[in-house]
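Next come the chains, spelled out residue by residue.
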Amino acid sequence: MNSFCFGLTQDPRKQKAIFGVFLMFYLATLLGNFLIVVTIKRSRTLGSPMYFFLFYLSFADACFSTTTAPRLIVDALSQQKTISYNECMTQVFAVHFFGCMEIFVLILMAFDRYVAICKPLRYTTIMNRHVCSVLVILGWVGSCIHSSAQIVLALRLPFCGPNVIDHYFCDLQPLLKLACMDTYVINLLVVSNSGAICTVSFTILLISYVIILYSLRNHSAEGRRKALSTCTSHFIVVVLFFGPCIFIYTRPATTFPVDKVVAVFYTIGTPLLNPLIYTLRNTEVKIAMKKLWCSKV
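None of the values given here were measured: they were computed from a predicted structure.

### Notes on the UniProt feature "transmembrane region" (unreviewed entry) in the chain
UniProt records the feature "transmembrane region" (unreviewed entry) at residues 17-38, 50-73, 93-111, 131-153, 194-216, 228-249 and 261-280, using the numbering of this structure. Structurally, residues 93-111 comprises 100% helix and 0% strand, and the distance from its first C-alpha atom to its last is 27 Å.

### Section: the packing of aromatic side chains
By the definition in use, this model includes 15 aromatic pairs. Consider the rings of Phe241 and Tyr266, whose centres lie 6.4 Å apart with planes at 85°: the pair is edge-to-face. Of this pair, Phe241 sits in helix α9 (residues 221-249) while Tyr266 sits in helix α10 (residues 259-280), and the two are 25 residues apart along the sequence. Tyr266 matches Phe241 in its accessibility class, with the two residues each being buried. Taken together, the ring pairs in this structure connect Phe64, Phe202, Phe241, Phe242, Tyr249 and Tyr266 into an aromatic cluster.

### A short note on the packing of helix α2 (residues 49-66) against helix α6 (residues 129-155)
One can describe the packing of α2 onto α6 by two numbers: an axis separation of 10 Å at closest approach and a directional angle of 25°. Here α2 lies roughly parallel to α6, going by the angle between them. α6 is crossed by α2, and the crossing has right-handed handedness. Contacts between α2 and α6 involve Pro49, Phe52, Phe53, Tyr56 and Phe59 from the first element and Arg129, Cys132, Ser133, Leu135, Val136 and Trp140 from the second. Of the residues in the contact of α2 with α6, the class split is 9 nonpolar, 1 polar and 1 charged.

### Some remarks on the nonpolar core
Ranked by size, the top nonpolar core spans 64 residues in total, and within it Phe53, Leu54, Phe242 and Tyr266 carry the most contacts. Residue contributions to this core peak at 13 residues, all from helix α4 (residues 85-118). Not counting chain neighbours up to four residues away, the residues in contact with Phe53 comprise Val105, Leu108, Met109, Asp112, Met127, Cys132, Leu135 and Val136. By size, the runner-up hydrophobic cluster in this structure holds 18 residues, among which are Ile83, Cys88, Leu176 and Val190.

### A short note on α6
For an α-helix the count is 3.6 residues per turn, leaving residues at separations of three or four pointing the same way. End to end, α6 covers 39 Å across 27 residues, agreeing with the expected 39 Å (1.5 Å per residue, within 8%). Turning to α6, its buried residues number three or more, namely Cys132, Val136, Gly139, Gly142, Ser143, His146, Ser147, Gln150, Ile151, Leu153 and Ala154. Packed against the buried residues of α6 are α2, α4, α7 (172-178) and α8 (184-215).

### With respect to the pattern of salt bridges
Inspection of the entire model under this criterion finds 2 salt bridges. A salt bridge links Asp75 to Arg71, with the shortest nitrogen-to-oxygen separation between them at 3.4 Å. Of this pair, Asp75 and Arg71 both sit in helix α3 (residues 69-77), separated by 4 residues, roughly a single helical turn. Under the relative-accessibility criterion, Asp75 is labelled buried at 6%. For the salt bridge of Arg113 with Asp112, the shortest nitrogen-to-oxygen distance reads 2.8 Å.

### Remarks on the packing of α2 against α4
As a packed pair, α2 and α4 sit with axes 9 Å apart at the nearest point and diverge in direction by 160°. Overall, the two elements α2 and α4 adopt an arrangement that is roughly antiparallel. Handedness of the α2/α4 crossing: left-handed. Between α2 and α4, the contacting residues are Pro49, Met50, Phe53, Leu54, Tyr56, Leu57, Ala60, Asp61, Cys63 and Phe64 on the first element and Val95, Phe98, Gly99, Met101, Glu102, Val105, Leu106, Leu108, Met109, Asp112 and Arg113 on the second. Within the contact of α2 with α4, the residues separate by chemical class into 16 nonpolar, 1 polar and 4 charged.

### Structural notes on the state of the cysteines
Overall, the coordinates contain 2 disulfides when judged by the stated rule. Here Cys88 connects covalently by a disulfide to Cys170, the sulfurs 2.1 Å from one another. Its S-S torsion of approximately -115° makes the covalent link between Cys88 and Cys170 left-handed. In this pair, Cys88 is assigned in helix α4 and Cys170 in the loop between β3 (164-165) and α7, connecting sequence segments 82 residues apart.

### With respect to the side chain of Ser201
Inspection of the secondary structure puts Ser201 in helix α8. Filtering out sequence-adjacent residues up to four positions away, Ser201 remains in contact with Ile103, Ile107, Ala196 and Phe242.

### A look at a nonpolar patch on the surface
Together, Phe247, Phe256, Val258, Val261 and Phe265 line one region of the surface with nonpolar side chains, adding up to about 450 Å² of accessible area. The topology assignment puts Phe256 in the loop between α9 and α10.

### Concerning the environment of Met109
Positionally, Met109 belongs in helix α4. Along the primary structure Met109 and Cys132 are separated by 23 residues, whereas in three dimensions their C-alpha atoms are 10 Å apart.

Each value, and the rule that gives it
- Residues numbered from 1 in each chain as written.
- Predicted model: local features only at pLDDT ≥ 70, side-chain atom pairs only at ≥ 80, totals over all residues.
- Heavy atoms only, no water.
- UniProt positions renumbered as here; feature names shortened; annotations may be inferred.
- Helix = DSSP H or I, 4+ residues; strand = E, 2+ residues; numbered from the N terminus.
- Phe/Tyr/Trp six-rings, centres within 6.5 Å; stacked < 30°, edge-to-face > 60°.
- Buried < 20%, exposed > 50% of the residue type's maximum accessible area, 1.4 Å probe, protein only.
- Axes fitted to C-alpha atoms, helices over the stretch in contact; angles between N-to-C directions.
- Parallel < 35°, antiparallel > 145°, perpendicular 65-115°, else oblique.
- Left-handed = near helix turned anticlockwise from the far one by under 90°.
- Contact = heavy atoms within 4.5 Å.
- Nonpolar A, V, L, I, M, F, W, Y, C, P; charged D, E, K, R; others polar.
- Core = buried A, V, L, I, M, F, W, Y, C linked by side-chain atoms within 4.5 Å.
- Expected span 1.5 Å × (residues − 1).
- Salt bridge = Lys/Arg side-chain N within 4 Å of Asp/Glu carboxyl O.
- Disulfide = S-S within 2.5 Å.
- Patch = residues over 30% accessible without salt bridge, like charges linked within 9 Å, V, L, I, M, F, W, Y side chains within 5 Å.
- Areas by Shrake-Rupley, 256 points an atom, 1.4 Å probe, with all protein chains shown as cover.

In structure tokens form, the structure reads like this:
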């Protein structure tokens, strides 16, 4: 079964603009996250747990963007925007796998900041390299379980045609509209899976930031400034990622024209902004990058 994807727009002039803009966005995303991954891997000064998790966040960002952006860019200039059944199911799995991994890594980064600020004397004991590695492995396993559940739901959908996906990538919501069956139960499962993960994770992160901000009252002015700078960066990323996700995955099986624009924020926008937020607002990363890349040049 082949499906036809509408993409972001059917206007030929807008499609050319989409090709140019999103090609630049995607290349900038790959470059920014590649610089962070290589810098953390090669730098001796970025060995703390925060940068260990940032390494995996940048890796997940690059992969997450790659699951949707290339298809969007190619389809912007293609007359036949078709995608095979196997490619569609693979995209569903990949989008949810790397998206869920990003969620778990953001939670781990918030937990790291909580321990560093609220339990500074026990930080090195709690957040040792072995514990961090185990937490990341659990994140990969959890992401695999989540995306496997999504793909099982997608494979149960019967399609009778016409198979026209009103989106720029395959996901459960647009696929539910094409299914020739009652999708009420499956939609409830999607909301209880993806929607619950987004909402619960966002709530956990907000609570952690409230606790962190409350505990900062006992720190020095310099300590508060540094901690607030780091937490502000994390909070910006969280809002940009979870806001659109909650809007998409926590409602009944209805689609709106704005859905595609909202999806751009978390599939393409957040992976692009993460490297900017974590480098421009982080002095240690900027110094490490200058030392590593200026010496290479």
